Amino acid sequence: MRHRAHSFLLVVAAAAPAALGQGVEHTPPPTPAIAAATEVGPLGRRLAAARSGDVIEVGPGIYRERLRIGKPVTLVARPGAVLDGGGTTDIVEITAPGVTLRGFTIRNTGINLDRENAGIRVLAPRATIEDNVLEDILFGIDLREAPDSIVRRNTIGGKALDIARRGDGLRLWRSDRTVVEGNVIHNGRDAIVWYSKGVVVRGNVARQSRYGLHLMFSDGVTITDNEFTGNSVGIYLMYSTGVRIEGNRLLRNRGPSGYGIGLKETDQYSVRDNLIAGNRAGVYIDGSPFTDRMPGEFTGNTIACNDAGMIFLPSARGNELTGNNFIDNIDQVTVAGRGSLEANRFWKGDRGNYWSDYTGYDRNGDGIGDFVHESQTLFENLMEREPSLRLFLFSPAQQAVEFVGRALPAVRPEPKFTDEVPLMRPVPITAGGAGTGHATGRLAAGGAGLLALAGIVLAFGRSGVPREGVTS
Amino acid sequence: MIRIEGVTKRFGRAAALDHVSLELQAGDSVALWGANGAGKTTLIRCVLGLLRYEGRIEVGGHDATRHGKAARLLVGYVPQELGFQDDLRVAEAVAFFARLRGITRPDVRGSLAAVGLDPHRGKRVRELSGGMKQRLALAIALLGDPPVLVLDEVTASLDAVGRDEFVALLKQLSGGGRTVLFASHRLEEVSILAGRVAVLDHGRLVRTVSRDEFLAEQRPRLFRSLGREAAGTAEAGCTAPGGPPSFTARSCREASL
Amino acid sequence: MSALAANVSALCRPRPAGRNILTLAHRELREATRSKRFILYSVAFAALGLAVSLVSASVGGGSGLAGFGRTTAGLINIVLLVVPLMALSAGAGAIASDRERGMLAYLLAQPVSRLEVLLGKYLGQAGALAASIALGLGSCAVILAWKGAATSPSSVAWLAGLSLALALGMLSLGMLVSVLSRKVSVAVGIAVFLWLALVFISDLGLMAGAVALRLRIEELFALSLLNPLQVFKMWSLHAAEATLDVLGPAGLYATEEYGQRLHLIFGACMLAWIVVPLAAAGAVFSRRSPT
């Protein structure tokens, strides 16, 4: 990956002098590298001629120029309008408030992390960035002190660099009340929100990035109906207050410390109706809630098939879990280190959670198990004390240990937590299906192939000896 | 065709064979004679390369151990009892062993017909009687028309009638210049099949004599054993009127001639 | 006489080993697939696999969660339990049963070499095991596809291939037991003990060791490579997920330290388990009397 980026740079630098001065198909001047795209090209000249409030329509073509928008205008691209940074620089910079940029394909920024080469940089309030496609960019959309902006329906694809050399697909810095909606971000580093209040993040998709969404010191943020799949971490909240996380799908986020949702010293949050599946850890809670002003609320979430459903650091206290589904996580709920879960509640009033490993029954049919659910498998307990024992997961020896734990009360560990009113049935999953992602047709074909193989071997085994003289 | 030179075989301390040397020219038919434990079966197993031994055995010029495969290709072997619990059918069994001998298009029915088993070709091997199993083993031993036949007390597990029939069959099929090495402790078999007799005693080859010499020596004993046999068949009701003429009686006549 | 003399020279060239092995393998395959043991194990394996598949396909009640279900892990578990037992006992019976009923001496009195007999039996039994595995995992795949579970076809294919590799290793071990045993009952008894040792005792011992001796994770990983069942498990997970992170610190260590070279490491371990016991069996078999 690295090599490809380098050689690409070389090619551009070598080709640049020959292609100098050719109108729309302008290639960047040879030096300096950061000014590879021409400072003022045809679009720049049209901008210079425009007045505030103008709508400038841009026809198809490849525009190799840095676009500085210093007036409150609306730029609308017709299909095929491409802004190309030539791989050496920033591309669009918005310095006036109230600018709208719509429908462009913006591609090929520089890769200088120190200069934070960006596809679109917004340095003024009330920008509307919508329906753009950003490809092969280091930073995608970078809002600095751009409150009340709208970032909508953009597709942002990062460069094929390794993660340490990538930039953020989306960054908000002191941009309060910004709406981020319906964007698709992939192969970036993070989508990150710094020091921004009242931001709404709705209906976005982030894939193959490091942090699907990262909040730093940002209060009153609403995160709804997004999908975070295959990132290192889905959503990570740090030092933020008053955050709502609802109806999101957090799937297969499996980085080295891969969480669906991570909460670090975050306060007054509510996590509702999310689907959190296939992550290394579904939910990771470190020092949250930070104060005791409001319990951390988890309701209606489906936490399924993660390596660990929820990991609590010993410092975590004051979380309340009701009406969630805990389905087939290898560890349903676990405490890192030798902490206890005492300060968190796994049921409230007459409402507990659904636990797929609940072994009791419901004789009176009220939907609530007749026995308390106590989480206490011996192997889980051993794994918590000695994490390296996870190596023996899925082996019959694990079942042997668990069997011993069930059979001999003497070695049965203390329950980690109890749910006195466990649900007999899972609560409905509202965050949409998890999708299959694989063609079952091929699976069926593969299965049929294996069966055919077995048939051939058996048929061969049963015939082949010449039967002359037997049948004749 | 078979050359046995100074063969010694020890099981632990005991020597089952002690410097045995014996040579069979092509067409020779040699009986190994001796009591149980004299070393007959052990010698046969050495010839087949089933046991390791000191000394040297060659079959058709091939070392029985180092080139066992080539040596055994010259040998048809009939064991004491066919240890075949298989659910192979008779014809399939013949075809299987024919393949191991490299016969690509075996005449299975012909082989079976020669031993009178063709009507039973569709039966499973385990359904055969003892006599039929031995005939099957003989059919298998004759696959590919090998120049050497090795027989290890092939009648030991048969009753008197089956024994006589089988020996007659052997006489009929083992001729034609074949080299035959067989272990026996029945005089009538020796008298019918053997040209020479090698007498083993406690693992040592005591001597080799011609059949006639041997029979002359053994005649007194033969009569004793005949008496026992006659009593046995009488008990079994084999001499009942209308029964088949006893091979034993005929072999005695031959022997006394 | 002259016809027979001509016969001698015609018979001088024994049949090539490969064809003998195939003939013997064919007979062994036929016997193996007709045995009650084969049918019993095949049915048990398929039934357990299907049960796991159905349970994991029903996770979350049709919400599409099935794709996340640990189907592969569940099937790995079943394979770990059934396949070694199946292969060990197949191997243990292969030579000893023929020896016990006198068939072995008769077979070896034919123009075949001992190595041919051993390899033929190995190949035949391997074919039967392959059929059994393909039957079980194939029906699981069909059921999973029918239930719409998103198990990836390639992970099932890997699982089938690696199960066969595990079966081959255990078959080698079983054959070694078989050539060393005079009686089938003894051979099968030893095989069952070995199964217990590999499935439970060694893992439990290693667990105890990890806790008591405070083994470092690299030591733990290295020791776990000694057990073919662990190798199979780690290899299957690695093939399905491209990472062993699910196995905790030791798995992460292996993934980070060796990456894709893990395929080589696991492959070498498995190959050793296939080749070494079989070679030992060959060495013993060529020396021992067949009765």
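Remember, it's a predicted structure, so these values are computed and weren't measured experimentally.

Definitions and limits used
- Residues numbered from 1 in each chain as written.
- Chains lettered and ligands numbered in written order.
- Predicted model: local features only at pLDDT ≥ 70, side-chain atom pairs only at ≥ 80, totals over all residues.
- Heavy atoms only, no water.
- Helix = DSSP H or I, 4+ residues; strand = E, 2+ residues; numbered from the N terminus.
- Buried < 20%, exposed > 50% of the residue type's maximum accessible area, 1.4 Å probe, protein only.
- Contact = heavy atoms within 4.5 Å.
- Areas by Shrake-Rupley, 256 points an atom, 1.4 Å probe, with all protein chains shown as cover.
- Lys, Arg positive; Asp, Glu negative; His and termini not counted.
- Charge placed at Lys NZ, Arg CZ, Asp CG, Glu CD.
- Salt bridge = Lys/Arg side-chain N within 4 Å of Asp/Glu carboxyl O.
- Pairing = 2+ DSSP bridges.
- Axes fitted to C-alpha atoms, helices over the stretch in contact; angles between N-to-C directions.
- Expected span 1.5 Å × (residues − 1).
- Polar contact = N/O pair within 3.5 Å; in protein donor to acceptor, adjacent residues only side chain to side chain.
- Nonpolar A, V, L, I, M, F, W, Y, C, P; charged D, E, K, R; others polar.
- pLDDT = per-residue confidence, 0-100.
- Phe/Tyr/Trp six-rings, centres within 6.5 Å; stacked < 30°, edge-to-face > 60°.
- Lys NZ or Arg CZ within 6 Å of the ring centre and 35° of its normal.

Engineer: Quick rundown of the overall build of chain C? Include the residues and the values.
Structural biologist: For chain C, the helix and strand inventory stands at 12 helices and zero strands. In sequence order, chain C lays out its α and β elements as α-α-α-α-α-α-α-α-α-α-α-α. Dimensions along the principal axes, computed over C-alpha positions, put chain C at roughly 80 × 45 × 35 Å. Split into buried and exposed, the 291 residues of chain C put 60% on the buried side. Once local pairs closer than 6 in sequence are excluded, the contacts in chain C between residues at least 24 apart make up 80%. Accessible surface, chain C as shown: approximately 10,300 Å² in total, 71% of it carbon and sulfur. For chain C, the separation between the mean place of its 22 positive charges and that of its 12 negative charges on side chains is 14 Å.

Engineer: A description of the pattern of salt bridges should follow, citing residues and the corresponding values.
Structural biologist: As enumerated under the stated definition, the model contains 56 salt bridges over all chains in all. Residues Arg153 of chain A and Asp131 of chain A are paired through a salt bridge, measuring 2.8 Å at the closest nitrogen-oxygen approach. One end of the pair, Arg153 of chain A, is in the loop between β13 (150-152) and β14 (155-158); the other, Asp131 of chain A, is in the loop between β10 (128-130) and β11 (133-137), and 22 residues separate them in sequence. On the basis of relative accessibility, which here comes to 29%, the residue Asp131 of chain A falls in the partly exposed class. Asp28 of chain B is the salt-bridge partner of Arg196 of chain B, the closest N and O atoms lying 2.9 Å from each other. Taken together, the residues Arg196 of chain B in strand β9 (residues 196-201) and Asp28 of chain B in the loop between β2 (14-24) and β3 (29-33) connect sequence positions 168 residues apart. Connected via shared salt-bridge partners are Arg66, Asp90, Glu116, Arg121, Asp142, Arg144 and Arg171 of chain A.

Engineer: Pulling in residues and values, what's your account of the sheet that holds strand β6 (residues 75-78) of chain B?
Structural biologist: Residue and element names in this part refer to chain B. Read from one edge of the open sheet, six strands run β6-β7-β8-β3-β9-β10, paired in mixed fashion. Either end of the sheet is taken by a strand with one partner, and the two such strands are β6 and β10 (204-210). If you compare each strand with its neighbour and ignore which way they point, the axes differ by 15° on average. Two strands pair when backbone bridges link them, and strand β7 (residues 148-152) and strand β8 (residues 179-184) are joined in this way by five bridges, in the parallel orientation.

Engineer: I'd like a description of the environment of Ser113 of chain C, backed by residues and values.
Structural biologist: Considering the arrangement of structural elements, one finds Ser113 of chain C in the loop between α5 (103-108) and α6 (114-146). As a C-alpha pair, Ser113 of chain C and Val276 of chain C span 163 residues in sequence and 20 Å in three-dimensional space. Setting aside its immediate chain neighbours within four residues, Ser113 of chain C contacts Lys69 and Arg72 of chain B.

Engineer: Describe helix α12 (residues 261-287) of chain C, naming the residues involved and giving the relevant values.
Structural biologist: An α-helix turns once every 3.6 residues. As a result, residues three or four positions apart point the same way. Spanning 27 residues, α12 of chain C covers 39 Å between terminal C-alpha atoms, matching the ideal 39 Å at 1.5 Å per step. For α12 of chain C, the set of buried residues is Leu262, Phe266, Gly267, Cys269, Met270, Ile274, Pro277, Leu278, Ala281, Gly282 and Phe285 of chain C.

Engineer: Give a detailed account of the interface of chain C and chain A, specifying residues and quantitative values.
Structural biologist: Opposite the 62 residues of chain C that make contact, chain A presents 57 residues. Run the count over chain C and chain A and you get three salt bridges. Counting the contacts that link chain C with chain A gives 10 residue pairs in polar contact (both at pLDDT 80 or more). Ranked by residue count, the leading element in the side of chain C that touches chain A is α6 of chain C, at 11 residues. For the side of chain C that touches chain A, the residue count by class is 38 nonpolar, 17 polar and seven charged.

Engineer: Let's hear about the confidence of the model for chain B: which residues, and what values?
Structural biologist: When the pLDDT values of chain B are averaged, the result is 83; 84% of them are 70 or greater. Across residues 232-257 of chain B, where pLDDT falls below 50, the model places 20 contacts with residues more than four positions away in sequence or in other chains.

Engineer: An account of the packing of aromatic side chains is requested, with residue identities and associated values reported.
Structural biologist: Enumeration over the complete set of coordinates arrives at 26 aromatic pairs over all chains. Pairing Trp33 of chain B with Phe214 of chain B gives two aromatic rings, centres 5.1 Å apart and planes at 70°, and the pair type is edge-to-face. A residue pair is termed long-range when its members are at least 10 positions apart, and Trp33 of chain B in strand β3 and Phe214 of chain B in helix α8 (residues 211-236) qualify at 181 residues. Across the pair, exposure class does not vary: Trp33 of chain B and Phe214 of chain B are buried alike. In this structure an aromatic cluster arises from ring pairing among Trp158, Phe221, Trp235, Tyr253, Tyr258 and Phe266 of chain C. The ring of Tyr195 of chain A has Arg174 of chain A sitting right over it, with the charged end atom 4.8 Å from the ring centre. The ring of Trp347 of chain A has Arg345 of chain A sitting right over it, with the charged end atom 5.1 Å from the ring centre.

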